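Each chain is listed here by its residues.
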Amino acid sequence: MPKVFFATDLHGSEMCWRKFLNAGRFYDAEILICGGDMTGKALIPIVQENGHYTFQLGAERQQIEAAQVPDVEAQIRRKGYYPLQMSLERLHELDADPVKRAECFQQVMLDGVDRWMGMAAEKLRGTGIRVFVCPGNDDEMEVDDVIRRSDFVELGEGRLVEIGEFTMISTGWSNHTPWNTHREETEEQLGERIEAMAKQVPDVSKAIFNLHCPPFKSGLDEAPAIDADLKLLHGGRALRPVGSTAVREAIERHQPLISLHGHIHESKGAVKIGKTLSINPGSSYEEGMLMGAIVQLDPKKGIKSYQLVNG
Amino acid sequence: MADTTMGAPGAARPALFLRNATGLVKAWSTFDAFVYSFWSVNLVTLGLYGMSYVYNIPDGQLLASVLIFGVLCTFLVVTYAGLVSVMPRTGGDYAWQSRVLGGGIGFVLAVTGWWFTLWLWAPIYANILVVQFFSPLAATLGWSNVATWAASPNGLFVSALILLAFVGVVVSLGMETYARVQKICFWIGLAGLAVVCILLAVYSQSDFHQAFNREAASLFGAKGDAYQQTIDAASKGGFSPQAFGTFALVPTLLVLPYLAFYLLWPTWGATLYGEVRGAKDIRKPFWSMFWGLWVTIALVVLVILLMLKTIGWDFYYAANAAYWNNLYAVSGAVAPPVPIWPYPVMWAGFLVDNHLFQAVLITVMALWFFGWAGTLFLSSTRVIFAAAFDRVLPSWAANISAKRRVPYGSLALMIVPAIVVSWLYAYKPSVQAFTYDATAVIALTFLGTVISAIILPWRRKDLYDASPIVRYKVAGIPLITIAGVVSAVFLLGMLYEWAHWSLYGSNSPDSAKYLLVTYIAAVVIYVAARIVRSRQGIDLNRIHHEIPVE
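Since we're looking at a predicted model, the values are computed, not measured.

(A) Representation of the sheet that holds strand β14 (residues 258-260) of chain A in the model. All names here are of chain A. A sheet is described by the order of its strands in space; here six strands give the open sequence β9-β10-β11-β14-β16-β15, paired in mixed fashion. The open sheet is flanked by β9 (160-163) and β15 (269-273), the only strands paired with a single partner. Adjacent strand axes in the sheet meet at a mean angle of 20° when their direction is disregarded. Relative to β14, strand β11 (residues 207-211) runs parallel, the two being bridged by three bridges. Across the sheet, asparagine 210 pairs through a bridge with leucine 260, a residue of β14.

(B) Just the interface of chain A and chain B, in detail. Listed as interface residues are 87 residues of chain A and, on the opposing side, 74 residues of chain B. Taken over both partners, the interface formed by chain A and chain B buries close to 7000 Å², and the fraction arising from carbon and sulfur atoms is 52%. Counting across the chain A and chain B interface gives four salt bridges. With a closest N to O distance of 2.5 Å, Glu176(B) and Arg240(A) form a salt bridge. There are 17 residue pairs in polar contact (both at pLDDT 80 or more) connecting chain A and chain B. Element by element, the count of residues in the side of chain A that touches chain B is highest for helix α1 (residues 14-27) of chain A, at seven residues. Of the residues assigned to the side of chain A that touches chain B, the class counts are 36 nonpolar, 26 polar and 25 charged. Both strand β3 (residues 42-49) of chain A and strand β2 (residues 16-19) of chain B contribute to a ladder of two bridges, which runs antiparallel. Considered in β2(B), the bridge of Leu43(A) is made with Phe17(B).

(C) Structural detail: the nonpolar core. Formed by 220 residues in total, the largest nonpolar core has its most connected members in Trp121(B) and Leu264(B). No other element matches the 24 residues that helix α5 (residues 103-140) of chain B contributes to this core. Grouped together as the second largest cluster of nonpolar side chains are 35 residues, Ala7(A), Phe20(A), Leu110(A) and Val143(A) included.

Calculation rules
- Just so you know, the residues in each chain are numbered from 1, in the order the chain's sequence is written.
- Written order determines the labels here, with chains lettered from A and ligands numbered from 1.
- Reporting in this predicted model follows two pLDDT cut-offs: at least 70 for local features of residues, and 80 or more for side-chain atom pairs to be given and counted; totals over whole chains, interfaces and linings ignore these cut-offs and use all residues.
- By convention in this description, side-chain values take in all heavy atoms of the structure and omit both hydrogens and water.
- Two strands make a pair as long as DSSP finds a minimum of two bridges between them.
- Helical segments are the DSSP runs of H or I of at least four residues, strand segments are the runs of E of at least two, and each set is numbered from the N terminus.
- Each axis is a line fitted through C-alpha atoms, and for a helix only the stretch in contact is used; angles between axes span 0 to 180 degrees, taken between their N-to-C directions.
- In this analysis, two residues are considered to be in contact whenever any of their non-hydrogen atoms come within 4.5 Å of each other.
- Once two parts are brought into contact, the accessible area they lose, counted with a 1.4 Å probe and summed over both, makes up the buried area.
- Whenever Lys or Arg places a side-chain nitrogen within 4 Å of a carboxyl oxygen from Asp or Glu, that contact is recorded as a salt bridge.
- Between N or O atoms, a polar contact is any pair within 3.5 Å; within protein, one atom must be a potential hydrogen donor and the other a potential acceptor, and residues adjacent in sequence are included only when both atoms are from side chains.
- Any residue that is not Ala, Val, Leu, Ile, Met, Phe, Trp, Tyr, Cys, Pro, Asp, Glu, Lys or Arg is counted as polar, Gly included; the first ten are nonpolar and the last four charged.
- Among buried residues, those of type Ala, Val, Leu, Ile, Met, Phe, Trp, Tyr and Cys that are joined through side-chain atoms within 4.5 Å constitute a nonpolar core.
- Categorising residues by exposure relies on relative accessible area from a 1.4 Å probe, with only protein chains included: less than 20% of the type maximum marks a residue as buried, more than 50% marks it as exposed, and the intermediate range marks it as partly exposed.

Here is the structure:
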């Protein structure tokens, strides 16, 4: 009876990734699934100048000595940001040139993913625990190549994976968002993408749909309302459903055993859509907390138990 | 694509580079957050109602009490703002307490404070709806039978049903629609308050005396000097007035638990934050809650001084004493000539000899009620959802309907018991007497949160050390701890007063039974859930256990 631990939207938080890798032993889970959006959103320059280093994490710029840099880097990574040492000239160069900034950011990000793949192999090789990662809409396409190069972590995107007697399909693509991120498409295209995998599933009663975007109007997709300028409306209290109609239709049509989602960090929950149990464990990566779902699968019962945890 | 840089305003260099990613939003307007906080410390709906009990302590100096409360509550604001900065996305008291104190304590304090006690708030709100809207409006329009019926047990119970229907619709429609309604109510309600203040400012006490007598005769059939008869009626019920300027420390402190009825809630303010936060975002939760509290306090001071000038302090206290003493059948109490709740807004309207104007003013000021009462079950439904997701409650409790997204499970868990409690409140006067239990239970929930904040820097050192507030210390002691200790003393003091003194109505045997039942029910639900889930192979203790990092 495979026990699955699912977490998502780690957004570069190294603390969350380390916890994710330890979740197998902590919860006695044989299968670890990272649902997408694993890369960070911000890069924090640590500027070398006049024999010391300066950085800003929060309100004020802080000055540190060289010996303190590793600790500061760890602190920055913990929050899901990427630390990068640079000169003042390089800082101004990146500030002025969006292309160079993008190239620099991508390189730092891919290096980070590569490091995470190495950490996974080092920690879990030989334990019998399998690790699946399916990049989400916030992850650049190049991230897939880094994961493919890993000889331990398995890429989930766009394929069927056998987990015991169960079959998992995965995609990190989403419907369009106001941020115009890397893996977005129309509902129709997303529906076709899911259908191409779903129709190959031999037994949907033992299917796991690992779809980054939650189903529309499921309660797992409620995000704070924003205006055209990406400004939160009504003090951030007004929520709107922003999930995918294509994902909902796929779940309603195929009725898999379980569907796993992320994307909307604030919308933690577990709901039934027909026979399907749909879960979004939410995300609090910036606090270093790994929100996840433990699912005990049973070939006869389907789902023996499930639990949302804040690890 | 890295397409954004951020730095301190006016800084010559960027602090960080951002790439385009989902969820990166610009900060919400502090004003929006302020409005929510300002609404929660609702001067008219809750404030005027809560202060109508203060006559019980005539030698307590109300103005001084309001200011002392403001200072002490500011520490609570600092404490909550600190928690929001450390754990911004966790959903408030339940999550903070669960993570710091443990899931069991978090559940018991959260469900009693944000779920069970809201059953009691429903009839309290219904009573406010009666005394601030239905009853005065009907009386002003000459429908004295309707006004009398609205204030009867049947009227109160029907009002509770109307309120529950209204709240149910708001929960079903969602906050976005209601937030628009709130904004309209905010501006029109403020305009109404300005009119009330102007009327009280431009007219004299003798003008009010005459206007009161005129309307008492016109609307309620009173004869003679109804103003003086009101003061006399209060005396017969045992009320003896004190001069406004009288100050005695202990009685002044005894007023604080009454003020908690409305001034304790500024921390209902902003709890949702952007993921990549700049310097200003750390201060936003504090300032939105701070101004929500202190703008209200400034308005309270203004209203008190205007009532002192135009209505007369003896009359204000006497009118309240006469009304409540007669309602609670205090020995010797007689019915005042104006038999409905002494509503200062209605009194201000009396200064204009036009019933249509008076009716419009009452209606406009009712927007303070309708702009806030819709949120009555908002926190409750969230706590029920959270408990269901944690498997403490059955999963159906978090169900929502497919078409209209109505959270019927949580609504049922709120509305059905609220109807029962409303019935008790309407038809059992002893239940009405422990109105302040509703405040005390939430204060106890706040105390749990405050204790979490006090020990946070040591108990969850990892979270604290990584938070923006780590640099705020006084003599080496974390500011959140200092603010938490002051807040804890403040809350414990009020809890002691509620439990010790009979004048709040919350230390009666019936009140104790009510509280005991709610806390025992919460413990029983949690223990039962642990046993049931354990048999299903689910360890509830595991929910908040942190996974080792290394």
